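Examining the three-dimensional arrangement
Here's the letter readout for the chains.
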Amino acid sequence: MPVIEILKDPSALSMTVVAELAAPLERSWQLLADPRQLERWWGPPSYPATVTEHDLTPGGHVVYYMTGPGGERPRGWWRVLAVDPPRSLEVEDGFADADGDPDPNMPVMTMRFTLEEAAGKTLLTSVTTFPSLEAMQHLLAMGMEDGIRAATGQIDGILGEAA
Amino acid sequence: MYNHMVAHIPDDRQADRLLHALSDATRRDIVRRAMTGAHSVSSLAARYPMSYAAVQKHVAVLEEVGLVTKERRGRRRLVRTDIERVRAAARVLDRLEAVWRRRIERMDDLLAHQEASPPTRGEDPCP
């Protein structure tokens, strides 16, 4: 397992993931810098992501949508706060409305990626911070609903294969 | 800065798990004490080898994120843990952990094989 450590800190409303990726720094950076690669790990297989805008410069945006098993298309965006290729990227991570514009009613998280080369491999650290406990509760309520839908889609898939 | 909260603590008691999740030893202790009853800031401060102001600051951090509430009782300010909110925060982080474990797996697959790996299981979307 490439995940080395996951640190959850409810009192700071944040989570840190540390993983060792079996590739050199520049190659690992492409997971973020190449939209075609980003869309292959960001969304789950049942909600594949399609990146429609990708500008990793300060103030630039990444815009994407995900396609759910029922054809629903939740949309999201990143806004680049700071970037230092191939070592770090800090973005705001939010939800978008049907037009792809930031949804002001939804919480905005902050994500910071740090990549370090370690003997031909890459140590990736990702820190997600929530703006408030209310935002977390909002996401929980929403995520549960989507989770049920995702699970239902999966069951349909299994039943379909068995038939 | 971060507590060494590991992903899977083999302990079913949720209160313990949540306590593990709190990052700072003093804050964790404050939350634990204030779970069973209200405490004044000064009575809390007497328990730790630090200044009243430092303890007050820890309480303020906990209050700011909503993990404890403070109520005025006469001249005293009583601190009480909001256990439901502690649970809610921990649940969100648990879900986010699951999302990120899958993301790291997919990154790993992507680096190992340039070919797309077939979709295998459903999970929550998390923009």
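The structure reproduced in this document is the subject of the present report. In this numbering scheme, every chain counts its residues from 1 along its sequence in written order. For this description, chains carry letters from A and ligands carry numbers from 1, given in the order in which they are written. At least 70 in pLDDT is required for a residue's local features to be given in this predicted model, at least 80 for side-chain atom pairs to be given and counted, and no such filter applies to totals for whole chains, interfaces and linings, which use all residues.

Section: the overall build of chain A
Numbering of helices and strands runs from the N terminus; a helix is a DSSP stretch of H or I covering at least four residues, while a strand is a stretch of E covering at least two. Along the backbone of chain A there are three helices and eight strands. When the helices and strands of chain A are listed from N to C terminus, the series reads β-β-α-α-β-β-β-β-β-β-α. Split into buried and exposed, the 163 residues of chain A put 34% on the buried side. Whether two residues are in contact is decided by their C-beta atoms, placed from the backbone, lying within 7 Å. Considering only contacts in chain A between residues 6 or more positions apart, those separated by 24 or more positions represent 38%. Working definition of burial: number of other C-beta atoms within 10 Å of the residue's own, with buried at 20 or more, exposed at 12 or fewer, and partly exposed in between, all C-beta atoms being placed from the backbone.

What about the environment of Pro85 of chain A?
Residues and elements named next belong to chain A. If you trace the backbone, Pro85 turns up in the loop between β5 (75-84) and β6 (88-96). Put simply, Pro85 and Leu32 are 53 residues apart on the chain and 9.9 Å apart in space, counted from C-alpha to C-alpha. Apart from the residues lying within four places of it in its own chain, the contact partners of Pro85 are Trp29 and Ala33.

Some thoughts on the pairing of strand β2 (residues 68-73) of chain B
Residues and elements named next belong to chain B. Looking at chain direction, β2 and strand β3 (residues 76-81) are connected through six bridges and run antiparallel. Across the sheet, residue Glu71 finds its bridge partner in β3, namely Leu78. Strand pairing is assigned whenever DSSP identifies at least 2 bridges connecting the two strands. The hairpin formed by β2 and β3 contains two residues between the paired strands, and Gly74 there has a positive phi angle of roughly 65°.

Side note on the nonpolar core
When buried Ala, Val, Leu, Ile, Met, Phe, Trp, Tyr and Cys residues are joined through C-beta atoms within 7 Å, the set is termed a nonpolar core. Among the nonpolar cores identified, the biggest contains 54 residues, and Leu31 and Met136 of chain A together with Val31, Val68, Ala89, Val92 and Met107 of chain B are the most heavily contacted of them. Considering each element in turn, this core owes the most residues, eleven residues, to helix α5 (residues 83-112) of chain B. The contacts of Met136 of chain A, once residues within four sequence positions are left out, are Leu13 and Phe130 of chain A together with Ala88, Ala89 and Val92 of chain B.

Describing the sheet that holds strand β1 (residues 39-40) of chain B
All names here are of chain B. Across the sheet, three strands lie side by side as β1-β3-β2; this open sheet has antiparallel pairing. A strand with exactly one partner marks an edge of an open sheet, and here the two such strands are β1 and β2. The pairing of β1 with β3 spans two bridges and is antiparallel. Its bridge partner lying in β3, Ser40 is registered against Leu78. Of the strands in this sheet, β1, β2 and β3 touch helix α2 (residues 25-36), which is tilted by about 95° from β3. Seen against the sheet, helix α4 (residues 52-64) touches β2 and β3 and runs at an angle of roughly 115° to β2. As a rule, the C-alpha atoms of each element are fitted with a line to give its axis, helices using only the stretch in contact, and angles between N-to-C directions run from 0 to 180 degrees.

Brief notes about α2 of chain B
Residues and elements named next belong to chain B. Within the span of α2, buried status applies to Arg27, Ile30, Val31 and Ala34. Taken down its axis, α2 places every buried residue within 95° of arc, on the same side. α2 presents Ala25 and Thr36 as exposed residues on the side facing more than 90 degrees away from its buried surface. Note that the arc is computed from the directions linking the helix axis to the C-beta atoms.

Focus on the packing of helix α2 (residues 35-42) of chain A against α5 of chain B
Taken N-terminus to C-terminus, the directions of α2 of chain A and α5 of chain B make an angle of 135°; their axes are 8 Å apart at the nearest point. Classified by the angle between their axes, α2 of chain A and α5 of chain B sit oblique to one another. Contacts from Gln37, Arg40, Trp41 and Trp42 of chain A in α2 of chain A reach Arg103, Arg106, Met107 and Leu110 of chain B in α5 of chain B. Residues are grouped as follows: Ala, Val, Leu, Ile, Met, Phe, Trp, Tyr, Cys and Pro are nonpolar; Asp, Glu, Lys and Arg are charged; all remaining types, including Gly, are polar. Among the residues making up the contact of α2 of chain A with α5 of chain B, the classes are represented as four nonpolar, one polar and three charged. Angle categories are assigned with fixed cut-offs, so that under 35 degrees is roughly parallel, over 145 is roughly antiparallel, 65 to 115 is roughly perpendicular, and the rest are oblique.

A short note on helix α1 (residues 25-33) of chain A
Considered for burial, the residues of α1 of chain A that qualify are Ser28, Trp29, Leu31 and Leu32 of chain A. Along α1 of chain A, the residues classed as buried sweep out an arc of 135° about the axis, all on the same side. Structurally, α1 of chain A contributes buried residues whose contacts are with β2 (14-21), α2, β6, β7 (109-118) and β8 (121-129) of chain A together with α5 of chain B.

Quick word on the sheet that holds β8 of chain A
The antiparallel open sheet is built from eight strands, whose spatial order is β1-β2-β8-β7-β6-β5-β4-β3 (chain A). Edge strands, defined here as strands with exactly one partner in the open sheet, are β1 (3-9) and β3 (49-54) of chain A. With direction set aside, neighbouring strand axes in the sheet form an average angle of 20°. Sheet topology places strand β4 (residues 61-66) of chain A next to β5 of chain A; five bridges connect them, and they run antiparallel. Note that in β5 of chain A the partner of Tyr65 of chain A across the bridge is Arg75 of chain A. Lying on the sheet, α1 of chain A is in contact with β2, β6, β7 and β8 of chain A; it crosses β7 of chain A at an angle near 160°. In this fold α5 of chain B packs onto β1, β2 and β8 of chain A, with an angle of close to 20° to the strand it touches most, β2 of chain A.

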